Amino acid sequence: MRLAVWDPDEPFRRWRDALVQHALEVGLAVDVIDAPAQPEAQADFALVWKPPSDWLAGQLGLRAVFNLGAGVDAIAPLLHRLHPGVPLIRLEDAGMGRQMADYVAEGVLHAYRRMADYAEQQAQQRWQPLPLPPRASFRVGFLGLGQMGAAAARRVAAMEFPILACTRSGDARAAGGLSCPVYALQQLDEFLAQTRVLVVLLPLTADTRGLLDYAALSHLPPGAHLINASRGAVIDQADLLDLLHGGQIGSALLDVFATEPLPADDPLWRHPRVRITPHVAAQTLVGPAAAQVMRKIAAIERGETPSGVVDMRLGY
Ligand code: GLV
């Protein structure tokens, strides 16, 4: 069986070695193709991160495409247009949940312990202890409760902060074993009004693009904090900046942006209450990802449908 890999972020040989090793474990023989080096070679399965459309269009025998990340917004519409009917399968956790939980936990503690206030005081050589907010009312709200959201929410709950969530359906059964209030997206304003730290882990879809604009974010209590580690375009960045300037939003930890890399002249870079990381909250780990993809290919070979197949109508 032939597997093509298109991943600009990782040396090809790392994928090849890991895929060959895990193929052996599931009893399959694989030929792994370096797609950018051999764009004409045809594959049965493709493992991709942001592949060019002309290459994907030329792959005529694909049985499934694996997205080498959690978010599928860059590939789902393209694949659906070029090869309708070819299933798109996302990575499910594969070592990313723990990284996301670490990232969000740091952001929540940074907000709770008023580190943005102390950074400002340090810049003025000011020594001024500040009161801590009461923990029981320091609610952390998770907007999106997929694999990444649930992993982060479990960690923050274990840190003894009250949590709540908002998901497309508001179905509490989908809360991944978490017992917390779950709001539906139609109740977004009500959810935001309860939320002192907003953790955005929504997929980017037609429904979520630009969802968090000035009007929506204004429902947060004054001085609320924002963490975005999913996709930049879920938030209107100009509106966010206005709310930061007005103090309505007290601080922001941002890993993702509508345009990446964030342009050098973007005012977010210089805002004293914004921390920026270069889309690193949860990075794809080659070993666990290759193991998961090979297990799913083995399931397909047995005639089963693996988990993680993207619903093209919903876009995630
Ligand atoms: C990274 O952003 C991913 O979707 O895995």
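A. Highlighting the side chain of Thr277. Turning to its location among the elements, Thr277 is positioned in the loop between strand 12 (274-276) and helix 10 (286-301). Of the polar contacts made by the side chain of Thr277, one reaches the side chain of Asp255; its length is 2.7 Å. If we ignore the near neighbours within four places in the chain, the residues touching Thr277 are Tyr103, Leu254, Asp255 and Phe257.

B. Focus on the site of the ligand. The full set of residues close to the ligand is Trp49, Gly69, Ala70, Gly71, Met96, Arg231 and His279. One nitrogen or oxygen atom from the side chain of Arg231 is found 2.8 Å from an oxygen atom belonging to the ligand. In the environment of the ligand, an oxygen atom lies 2.5 Å from a nitrogen or oxygen atom belonging to the side chain of His279. Coverage of the ligand by the protein amounts to 88% of the 190 Å² it exposes when considered alone. Split by residue class, the shell around the ligand holds three nonpolar, three polar and one charged.

C. Structural view of the packing of helix 1 (residues 12-25) against helix 10. At a minimum axis separation of 9 Å, helix 1 and helix 10 run at an interaxial angle of 45°. Classified by the angle their axes make, helix 1 and helix 10 are oblique. Of the two elements, helix 1 crosses helix 10, and the hand of that crossing is right-handed. Taking contact as the criterion, the partners of Arg14, Trp15, Ala18, Leu19, His22 and Ala23 in helix 1 are, on helix 10, Val286, Gly287, Ala289, Ala290, Ala291 and Met294.

D. Here's a closer look at the domain arrangement of the protein chain. Entries for the protein chain in the domain assignment read domain 1 (2-94 + 284-301) and domain 2 (96-276). Each of domain 1 and domain 2 has a C-alpha centre, and these two points are 32 Å apart. Summing both sides of the interface, domain 1 and domain 2 together bury roughly 790 Å²; the carbon and sulfur share of this comes to 48%. For domain 1, the biggest contributors to the area lost against domain 2 are Ala70, Asp73 and Asp93; these three give 60% of the whole. Counting across the interface, domain 1 meets domain 2 through one salt bridge. Asp73 is the salt-bridge partner of Arg231, the closest N and O atoms lying 2.7 Å from each other. The interface formed by domain 1 and domain 2 includes five residue pairs in polar contact (both at pLDDT 80 or more).

Criteria and cut-off values
Residues numbered from 1 in each chain as written. Predicted model: local features only at pLDDT ≥ 70, side-chain atom pairs only at ≥ 80, totals over all residues. Heavy atoms only, no water. Helix = DSSP H or I, 4+ residues; strand = E, 2+ residues; numbered from the N terminus. Polar contact = N/O pair within 3.5 Å; in protein donor to acceptor, adjacent residues only side chain to side chain. Contact = heavy atoms within 4.5 Å. Near = heavy atom within 4 Å. Areas by Shrake-Rupley, 256 points an atom, 1.4 Å probe, with all protein chains shown as cover. Nonpolar A, V, L, I, M, F, W, Y, C, P; charged D, E, K, R; others polar. Axes fitted to C-alpha atoms, helices over the stretch in contact; angles between N-to-C directions. Parallel < 35°, antiparallel > 145°, perpendicular 65-115°, else oblique. Left-handed = near helix turned anticlockwise from the far one by under 90°. Domains from an automatic or database assignment. Buried area = accessible area lost by both parts, 1.4 Å probe. Salt bridge = Lys/Arg side-chain N within 4 Å of Asp/Glu carboxyl O.

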